[in-house]
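As a plain string of letters, each chain reads:
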Amino acid sequence: MDINKFYKNTYNISDEVLKITENAEKEVEKYADNARKVCEYNSVKVLNAFNKHKICEAHFYPTTGYGYDDNGRDTLDMVYADVFGAEDALVRHNIVNGTQAISLCFYGILRPGDTVVAATGRPYDTLEEVIGLRGENGNGSLKDFGINYKEVALKNDKIDIDALVKSIDKTCKMVAFQRSKGYAWRNSLSVDEIGEAITAVKSVNKDIVCFVDNCYGEFVEEKEPCDVGADLAAGSLIKNPGGGICRSGGYIVGTKRCIELVSYRMTCPGIGRECGASLGENRFMYQGLFLAPHIVYQSIKSAMLVSAVFDKLGFDVMPKISDRRTDIIQAVKLGNGEKLVKFCQGIQKGAPIDSFVVPEAWDMPGYESQVVMAAGAFTRGSSIEISADGPMREPYIAFYQGGLTYETAKAAIMSAAENVINCK
Ligand SMILES: *Cc1c(COP(=O)(O)O)cnc(C)c1O
């Protein structure tokens, strides 16, 4: 079977896009080798944690009610702690998303009069209402509780360590880092860069809690934030560490004391982590973690293909194919709203689920601008599965992420390219 003829007949891909993709794939092959090595290391790291904790069928047993003595849940926490280089962890299917996992860290640690410093500029959109930068007073934001917020902008896409150190006063309880670019046009921050800044913060006051929003970063490098001194890190299970298998959830890893404090916020003081029935979700969370390094590798290769194809089509891409990566996000500056929408519609056409629907921009809860989003996933909103989105504001950047298999992502990426070049 001539695969290109197949793409032409099924996805209406033109000779031009087929040719560009063929050339782009040669570059992907050249640059994907490092990602493959990282994948192998992380896969074996996870396997080894499973072996060490003697994971067996009994860990998948579904508890109900209060969920006391849920051995599967408690052991999964230990597996996560090992994999993420942390002392302890909380992994729960009923943490509703990454924003809640991050909020639990803020509310678990910060007290009235404390200051949190954002060390990597403005945090992810959905955290603005948590901090109290946007939205109504009285909703229970950090600001409502008398918690101060300071922000240190990035300098040439790097953490401005001098300014960060200067911003620390006696009230500073937490410094928050964001590894991934989120909806910003910048490089994401490597784990080592974050580690350097953590060392600087700790040299001012070792008791300051260094927190990392690790969303989209898991398993892209061999190191994770706690390996370089972070006290807390958090993320979503419908992104990287869920491996496309988790149906819902979030995780937090960190020091014993920080995790204890966060657990009291997650349920309530005195009860903490002891309650919370796993209801049969454990099997998915274990299997997802097991697959995660490989699925992340598929996503990275897919992101590299987006980068190479759209670079060849003349668009600015971030990162470029030769750049080192620390998250799975690929940004493409499309320059106008119609192209952004068409890009997402093209990705949607090549998704396994809901390929027949046509995404439009809408007011998504928690986001400031309208957002257009391609989401054709087995798990609603999962962005370790193939997905693309972008806020409807200048300069109309598409953020592509995920892809459970490189082979199917390729069809979607060509379909997006075809849509964009046909958009006048
Ligand atoms: C996805 C993400 C979050 C959390 O988003 P949810 O949709 O609530 O899971 C936070 N920070 C970053 C950088 C993210 O990518």
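Since we're looking at a predicted model, the values are computed, not measured.

K.L.:
Can you tell me about the site of the ligand, naming the residues and giving the values?
P.N.:
Around the ligand sit Asn 97, Gly 98, Thr 99, Ile 102, Tyr 124, Gln 178, Asp 213, Cys 215, Tyr 216, Ser 236 and Lys 239, and those are all the residues in its vicinity. Interatomic distance of 3.3 Å between a side-chain N/O atom of Asn 97 and an oxygen atom of the ligand. Lys 239 places a polar side-chain atom, nitrogen or oxygen, 3.0 Å from an oxygen atom of the ligand. Expressed as a share of its isolated accessible area of 380 Å², the protein-covered part of the ligand is 91%. No other element matches the three residues that helix α4 (residues 98-109) contributes to the shell around the ligand.

K.L.:
Give a description of the nonpolar core that names residues and reports values.
P.N.:
For soluble globular proteins, nonpolar side chains are generally found buried alongside one another. In this structure, Phe 106, Phe 177, Phe 310 and Phe 343 are the most contacted members of the largest nonpolar core, which totals 133 residues. The element best represented in this core is helix α9 (residues 282-312), accounting for 14 residues. For this core, the two domains that each supply at least three residues are domain 1 (3-41 + 290-421) and domain 2 (60-283). Setting aside chain neighbours within four positions, we find Phe 310 in contact with Phe 315, Val 317, Val 332, Phe 343, Ile 413, Ala 416, Ala 417 and Val 420.

K.L.:
Which residues make up the sheet that holds strand β2 (residues 115-118), and what values go with them?
P.N.:
Sheets are built from strands that pair by backbone hydrogen bonding, the pairs being arranged parallel or antiparallel. Strand order across the open sheet formed by seven strands is β1-β7-β6-β5-β4-β2-β3, with mixed pairing between neighbours. Two strands lie at the open edges of the sheet, namely β1 (88-92) and β3 (148-151), each paired on one side alone. Going across the sheet, the axis of each strand differs from the next one's by a mean of 20 degrees, ignoring polarity. With five bridges joining them, strand β6 (residues 232-236) and strand β7 (residues 250-254) adopt antiparallel strand pairing. Along β7, the bridge assignment pairs Leu 232 with Gly 254.

K.L.:
Can you break down the domain arrangement of the chain residue by residue, with the values?
P.N.:
Domain parsing of the chain yields domain 1 (3-41 + 290-421) and domain 2 (60-283). Summarising the inter-unit geometry, the C-alpha centres of domain 1 and domain 2 are found 27 Å apart. Domain 1 puts 41 residues into the contact, and the matching count from domain 2 is 36 residues. Summing both partners gives a buried area of about 3100 Å² for domain 1 against domain 2, and 62% of it is carried by carbon and sulfur. Three residues, Met 318, Thr 326 and Tyr 367, lead the burial of domain 1 against domain 2; their summed loss comes to 20% of the area buried on that side. Run the count over domain 1 and domain 2 and you get two salt bridges. Glu 193 is the partner of Arg 324 in a salt bridge, and the nearest nitrogen-oxygen pair spans 3.1 Å. Counting every contact that joins domain 1 to domain 2 gives 10 residue pairs in polar contact (both at pLDDT 80 or more). Contributions of two or more residues to the side of domain 1 that touches domain 2 are made by α2 (15-52), α9, β8 (316-318), β9 (330-333), β10 (371-375), β11 (387-391) and β12 (397-401).

K.L.:
Any chance you could break down the sheet that holds β9 for me, citing the residues and the numbers?
P.N.:
Reading across the sheet, the five strands line up as β8-β9-β12-β11-β10 and stay open at both edges, with antiparallel pairing between neighbours. Looking at which strands have only one partner, the edges of the open sheet turn out to be β8 and β10. Between one strand axis and the next, the sheet turns by 15 degrees as a mean value, whatever way the strands run. Summarising the sheet, β9 and β12 pair through four bridges and their orientation is antiparallel. Across the sheet, the residue bridging to Gln 330 is Tyr 400, located in β12. Across the sheet, helix α10 (residues 337-349) touches β10, β11 and β12, and the angle it forms with β10 is around 15 degrees.

K.L.:
With reference to specific residues and values, describe the environment of Ile 159.
P.N.:
Mapped onto the secondary structure, Ile 159 falls in the loop between β3 and α6 (161-167). For Ile 159, a relative accessible area of 10% puts it in the buried group. In this view, Ile 159 contacts Ala 119, Thr 120, Leu 154, Leu 164, Phe 177, Leu 189, Glu 193, Ile 194 and Ala 197; residues no more than four positions away in its chain are not counted.

K.L.:
I'd like a description of the packing of aromatic side chains, backed by residues and values.
P.N.:
Summed over all chains, the structure comprises 12 aromatic pairs. Each ring, one from Tyr 80 and one from Tyr 251, has its centre 5.5 Å from the other, and the planes form 40 degrees; the classification is tilted. Separated by 171 residues along the polypeptide, Tyr 80 in helix α3 (residues 71-83) and Tyr 251 in strand β7 bring together distant segments of the chain. According to the relative accessible area criterion, Tyr 80 is buried, its value standing at 0%. On the basis of relative accessible area, Tyr 251 is assigned to the buried category, the value being 0%. Ring pairing ties together the aromatic residues Phe 50, Phe 60, Tyr 286 and Phe 290, which thus form one cluster. Its guanidinium or amino end placed over the ring of Tyr 216, Lys 239 lies 4.1 Å from that ring's centre, counting from NZ or CZ. For the cation-ring pair, Lys 333 lies above Trp 185, with the distance from its terminal atom to the ring centre recorded as 4.5 Å.

Reading guide: rules and limits
- Residues numbered from 1 in each chain as written.
- Predicted model: local features only at pLDDT ≥ 70, side-chain atom pairs only at ≥ 80, totals over all residues.
- Heavy atoms only, no water.
- Near = heavy atom within 4 Å.
- Polar contact = N/O pair within 3.5 Å; in protein donor to acceptor, adjacent residues only side chain to side chain.
- Areas by Shrake-Rupley, 256 points an atom, 1.4 Å probe, with all protein chains shown as cover.
- Helix = DSSP H or I, 4+ residues; strand = E, 2+ residues; numbered from the N terminus.
- Core = buried A, V, L, I, M, F, W, Y, C linked by side-chain atoms within 4.5 Å.
- Buried < 20%, exposed > 50% of the residue type's maximum accessible area, 1.4 Å probe, protein only.
- Domains from an automatic or database assignment.
- Contact = heavy atoms within 4.5 Å.
- Pairing = 2+ DSSP bridges.
- Axes fitted to C-alpha atoms, helices over the stretch in contact; angles between N-to-C directions.
- Buried area = accessible area lost by both parts, 1.4 Å probe.
- Salt bridge = Lys/Arg side-chain N within 4 Å of Asp/Glu carboxyl O.
- Phe/Tyr/Trp six-rings, centres within 6.5 Å; stacked < 30°, edge-to-face > 60°.
- Lys NZ or Arg CZ within 6 Å of the ring centre and 35° of its normal.

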